[in-house]
Amino acid sequence: MSLSVLITGKVPREWAAELDGLARVNIWEGEEYLMPRTRLLAMIGEYNALINFAEVKADEAFISSASKLRIIANCSIGFDNLDLSLLTANGIWASNAPGFFNYPVAEYALTGILAVLRRLPEADDFVRKGKWQAFEPGRWDGFSLKEKTVGIIGLGSIGKALRAMLVSLGAEVIYNTREPAAEAGWTPFDELVRMSDVISIHVPLTAETVNLLDRKTIGKVKPGVIIVNTSRGVIIDQDALVQALRSGLVGGAVLDVFRDEPDVPVELLEMKNVLLTPHIAGGTRSAREACVKRAVQNVRAALAGERPVNALNEVR
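I will try to describe carefully the structure that is included in this document. (Residues numbered from 1 in each chain as written. Predicted model: local features only at pLDDT ≥ 70, side-chain atom pairs only at ≥ 80, totals over all residues. Heavy atoms only, no water.)

Observations regarding the side chain of Ser 76
Along the chain, Ser 76 falls in the loop between β4 (71-74) and α3 (84-89). In contact with Ser 76, not counting residues within four places along its chain, are Ala 54, Asn 96, Ala 97, Pro 98, Phe 101 and Cys 291. (Helix = DSSP H or I, 4+ residues; strand = E, 2+ residues; numbered from the N terminus. Contact = heavy atoms within 4.5 Å.)

Listed below in structure tokens is the structure:
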């Protein structure tokens, strides 16, 4: 076959079955879970399409090596790794795969909120370290969700899914979007920050959302607030968050993303009231499979001379 596709992560071959008969598919099988960039740059010149997991930075160095590339397909809703103007100028399609991770991310946020409210990470650590010697009523009492106000920043598909889950469990939910909304619950940003017992962030990474929760904003929160971030690490001023956690102004956090992934500040690693996970919020088996298969569909369209279903740019 004259066409070839590279997949940078370890996925079952049957997920790419739709490309059978059209292109040769090479799936990364190295020791690392994702193909290292140095290896990718050395190989990409041989391929007509690339399926990645939003870890490949499509910059000048990448483009100059990708002489045959027709499309780079993200298996993610986010696409801040893609320089769309650069890709367009070089006649390369870009695509994402929105929708598949909405429910899992909302589910993760809810799980994290409940875990920190009920102090489960702290209690788990207490038991694992052999400190539990007797039944101690009251020592590990936390809070019920129905007693709390949850502020959602960004009411897209994920925010809406989380709101439905929270409301079903009795929480009061308010939200903020860039533009005021007539729908009940819309609250000005500063007011949401001051009122919320839990703040959950669900906005895309843009120039406007970098440090959306900066030191000044964090200084306005309701004492004891729990902050949840499943979006991008740089949306929160990480140093300011650490300081607020250490002072007790912020009572806990659920963090799936970090400023300098995979590096996590030592201070956060030592905090028992913070749930830390390695960028897994959208990670369910069914969602991952559906997302990869959509990326495959986008690749198939581009290789067939058609517009990808989830095209992010226009290529002539």
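A short note on empty space enclosed by the protein
Throughout the structure, instances matching the rule amount to 1 cavity of 30 Å³ or more. Here the largest cavity is characterised by a volume of approximately 50 Å³. What lines the largest cavity is simply Asn 229, Gly 233, Ile 236, Gln 238, Leu 241, Leu 255, Val 257, Phe 258 and Leu 268. Partitioned by chemical class, the residues of the lining of the largest cavity number 6 nonpolar, 3 polar and no charged. (1 Å grid on protein atoms, 1.4 Å probe; cavity = no way out; pocket = protein on both sides within 12 Å on 5 of 7 lines; lining within 4 Å. Points joined across faces, edges and corners; volume = space filled by probe spheres on them. Nonpolar A, V, L, I, M, F, W, Y, C, P; charged D, E, K, R; others polar.)

Side note on the packing of aromatic side chains
Applying the stated rule across the entire model yields 1 aromatic pair. Judged by centre distance (4.9 Å) and plane angle (55 degrees), the ring pair of Phe 126 and Trp 140 falls under tilted. One end of the pair, Phe 126, is in helix α5 (residues 120-128); the other, Trp 140, is in the loop between α5 and β6 (149-153), and 14 residues separate them in sequence. Given the relative accessible area of 7%, Phe 126 is considered buried. The exposure class of Trp 140 is partly exposed, given its relative accessible area of 24%. Directly above the aromatic system of Phe 143 lies the positively charged group of Lys 148, at a separation of 3.9 Å from the ring centroid. Positioned over the ring face of Tyr 175 is Arg 163, at 5.6 Å from the centre of the ring. (Phe/Tyr/Trp six-rings, centres within 6.5 Å; stacked < 30°, edge-to-face > 60°. Buried < 20%, exposed > 50% of the residue type's maximum accessible area, 1.4 Å probe, protein only. Lys NZ or Arg CZ within 6 Å of the ring centre and 35° of its normal.)

Digging into the environment of Arg 259
Mapped onto the elements, Arg 259 comes out in the loop between β10 (250-255) and α10 (266-269). Assessed through its relative accessible area of 34%, Arg 259 is described here as partly exposed. Along the backbone, Arg 259 and Thr 149 are 110 residues apart, and their C-alpha atoms lie at a distance of 27 Å. The residues touching Arg 259, leaving out its near neighbours within four places in the chain, are Gly 233, Val 234, Gln 238 and Asp 239. Side-chain polar atoms of Arg 259 contact the side chain of Asp 239, separated by 3.3 Å. Looking at Arg 259, its side chain comes within polar contact range of the side chain of Asp 260, at 3.2 Å. (Polar contact = N/O pair within 3.5 Å; in protein donor to acceptor, adjacent residues only side chain to side chain.)

Thoughts on the environment of Ala 109
Checked against the element boundaries, Ala 109 lands in helix α4 (residues 102-117). When its relative accessible area of 0% is taken as the criterion, Ala 109 is described as buried. Ignoring any residue separated from it by four or fewer positions in sequence, one finds Ala 109 in contact with Leu 162, Ser 200, His 202 and Val 228.

What about unusual backbone geometry?
A cis amide bond links Glu 261 to the next residue, Pro 262, at an omega of 5 degrees. Relative to the elements of secondary structure, Pro 262 occurs in the loop between β10 and α10. For Arg 119, which is not a glycine, the phi torsion comes out positive at approximately 60 degrees. In this structure, His 279 is a non-glycine residue whose phi angle is positive, near 55 degrees. Tracing the backbone shows His 279 in the loop between β11 (274-276) and α11 (285-303).

Notes on the sheet that holds strand β7 (residues 172-176)
The strand order across the open sheet formed by 6 strands is β7-β6-β8-β9-β10-β11, and the pairing between neighbours is parallel. With partners counted over all chains shown, the strands left at the sheet margins are β7 and β11, one partner each. When the angles between neighbouring strand axes are averaged without regard to direction, this sheet yields 15 degrees. Where strand β9 (residues 225-229) lies against β10, 5 bridges are found, and the strand directions are parallel. Looking at β10, one finds that Ile 227 is bridged to Ala 253. Of the strands in this sheet, β8 (198-201), β9, β10 and β11 are in contact with α4, which crosses β10 at around 145 degrees. Taken strand by strand, helix α6 (residues 157-168) contacts β6, β7 and β8, and its axis lies near 170 degrees from that of β6. (Pairing = 2+ DSSP bridges. Axes fitted to C-alpha atoms, helices over the stretch in contact; angles between N-to-C directions.)

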